[in-house]
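Results of the structural survey
Listed below are the residues making up each chain.
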Amino acid sequence: MNDVQVSQDQGWAEIILGPMFSRKSDELMARLDSAQCAGACVVAFKPAKDTEADACLKTRRFNGQQFEAFEVHNAEEMLGLVTPKHQIIGMDEVQFFGPVLVKVVQKFIRDGKRVIMAGLNTDSEFNPFKPEVVGALTLLCESIEVKHAHCVYHPMRDATRSRRKVAESGQVLVGKNLYEAVCRDCFASLVPFKDS
Ligand SMILES: [Zn+2]
């Protein structure tokens, strides 16, 4: 006779996707804050934007919230910062991590953690943003939410695209002021920005 004993919380993963300006991070913070208000032990991570090899780990308050939040240079660093007391793990801007993040998230799920992630689904050319990371993470999730922004040219329309406002090439160009949120029609009809 098999006795099934469920003695601890089972792991869970959810992801919030969308273009820039769709308030993914706000939604992530709201979920983490809600969990913490209910008594959960929360920790959060985001990729460090500086690229100095010797830059140290930073701890800071996340958007004014009180839970521990770390800027890390790679996904492996999270393994050393998550402790048995942590129940909920938040991760922002997952598209900036490497494929190792998928293994790290799988481990957290197996350890019974609830992982709540946010990230870009597409880049400014409307290509999948790092499908080997964001796409794979999405396949692990019990819950997927795709958020929209508002088009800066048609504020009544949903914006599902991030349009680059400079002529730089390359998938990663960090800086919110370098992008604008646009609807599908605008994305298709507006000519690309060119250097003047
Ligand atoms: Zn539009």
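Rules behind the numbers
- Residues numbered from 1 in each chain as written.
- Predicted model: local features only at pLDDT ≥ 70, side-chain atom pairs only at ≥ 80, totals over all residues.
- Helix = DSSP H or I, 4+ residues; strand = E, 2+ residues; numbered from the N terminus.
- Buried ≥ 20, exposed ≤ 12 C-beta atoms within 10 Å, placed from the backbone.
- Contact = placed C-beta atoms within 7 Å.
- Expected span 1.5 Å × (residues − 1).
- Arc of directions from axis to C-beta.
- pLDDT = per-residue confidence, 0-100.
- Core = buried A, V, L, I, M, F, W, Y, C linked by C-beta atoms within 7 Å.
- Pairing = 2+ DSSP bridges.
- Axes fitted to C-alpha atoms, helices over the stretch in contact; angles between N-to-C directions.
- Parallel < 35°, antiparallel > 145°, perpendicular 65-115°, else oblique.
- Left-handed = near helix turned anticlockwise from the far one by under 90°.
- Nonpolar A, V, L, I, M, F, W, Y, C, P; charged D, E, K, R; others polar.

**Observations concerning the overall build of the protein**
If you tally the helices and strands in the protein, you get five helices and eleven strands. When each of the 196 residues of the protein is scored for burial, the buried share is 31%. In the protein, once contacts between residues fewer than 6 apart in sequence are set aside, the share between residues at least 24 apart is 73%.

**So, helix 1 (residues 24-37)**
For helix 1, with 14 residues, the first-to-last C-alpha span of 20 Å sits near the 20 Å given by 1.5 Å per residue. Those residues of helix 1 not exposed but buried are Lys24, Leu28, Met29 and Leu32. Along helix 1, the residues classed as buried sweep out an arc of 130° about the axis, all on the same side. Away from the buried face of helix 1 by more than 90 degrees, exposed residues Ser34 and Cys37 are located.

**Observations concerning the confidence of the model for the protein**
Detailed reading of the predicted coordinates is not advisable wherever pLDDT is low. Here the protein shows a mean pLDDT of 86. Residues at 70 or above account for 79%. Low pLDDT, under 50, characterises residues 51-57; the predicted model gives this stretch six contacts beyond four residues in sequence or across chains.

**So, the environment of Leu28**
Position of Leu28 relative to the elements: it lies in helix 1. A tally of 25 C-beta atoms within 10 Å means that Leu28 is categorised as buried. Between the C-alpha atoms of Leu28 and Ile116, which are 88 residues apart in sequence, the distance is 7.0 Å. Leu28 has contacts with Ile16, Gly90, Asp92, Ile116 and Ala118, leaving out every residue within four places of it along the chain.

**Things to note about the nonpolar core**
Within the largest apolar cluster, 33 residues are counted, with the highest numbers of intra-cluster contacts made by Val94, Leu101, Val105, Val115, Met117 and Leu137. Contributions of two or more residues to this core are made by strand 1 (12-18), helix 1, strand 2 (42-47), strand 5 (88-91), helix 3 (100-110), strand 6 (114-120) and helix 4 (131-139). Those residues in contact with Val115, other than ones at most four positions away along the chain, are Ala13, Ile89, Met91, Val105, Phe108 and Ile109. Ranked by size, the runner-up nonpolar core spans six residues in total, among them Ala149, Cys151, Ala159 and Val182.

**Regarding the pairing of strand 6**
Here strand 6 lies mainly inside the structure; seven of its seven residues are buried. Where burial is concerned, the two faces of strand 6 agree: the one with Arg114, Ile116, Ala118 and Leu120 and the one with Val115, Met117 and Gly119 are both buried. Of the strand pairs in this sheet, strand 1 and strand 6 are connected by seven bridges, and their pairing is parallel. Across the sheet, the residue bridging to Trp12 is Arg114, located in strand 6.

**Some words on the pairing of strand 1**
With five of its seven residues buried, strand 1 lies for the most part within the structure. Direction of pairing for strand 1 relative to strand 7 (residues 143-146): parallel, over a ladder of four bridges. Opposite Glu14, over in strand 7, you have Ser143 as the bridge partner.

**Overview of the packing of helix 3 against helix 4**
Viewed as axis vectors pointing N to C, helix 3 and helix 4 meet at an angle of 20°, and their least axial separation amounts to 8 Å. In terms of axis orientation, helix 3 runs roughly parallel to helix 4. For the crossing formed where helix 3 meets helix 4, the hand is right-handed. Contact residues: helix 3 offers Leu101, Val102 and Val105, while helix 4 offers Val133, Ala136 and Leu137. Residue composition of the contact of helix 3 with helix 4, by class: six nonpolar, no polar and no charged.

**Describing the environment of Val94**
The residue Val94 is located in the loop between strand 5 and helix 3 in this model. Sequence-distant contacts of Val94, that is, excluding residues within four places in its chain, are made with Leu101, Met117, Ala118, Gly119, Val133, Val134 and Leu137.

**Quick word on unusual backbone geometry**
The phi angle at Arg23 is positive, at roughly 65°, despite the residue not being glycine. Residue placement: Arg23 occurs in the loop between strand 1 and helix 1. The backbone phi angle of Phe126 is positive, close to 60°, even though this residue is not glycine. When you line up the elements, Phe126 lands in the loop between strand 6 and helix 4. We classify Phe126 as partly exposed; it has 16 C-beta atoms within 10 Å.

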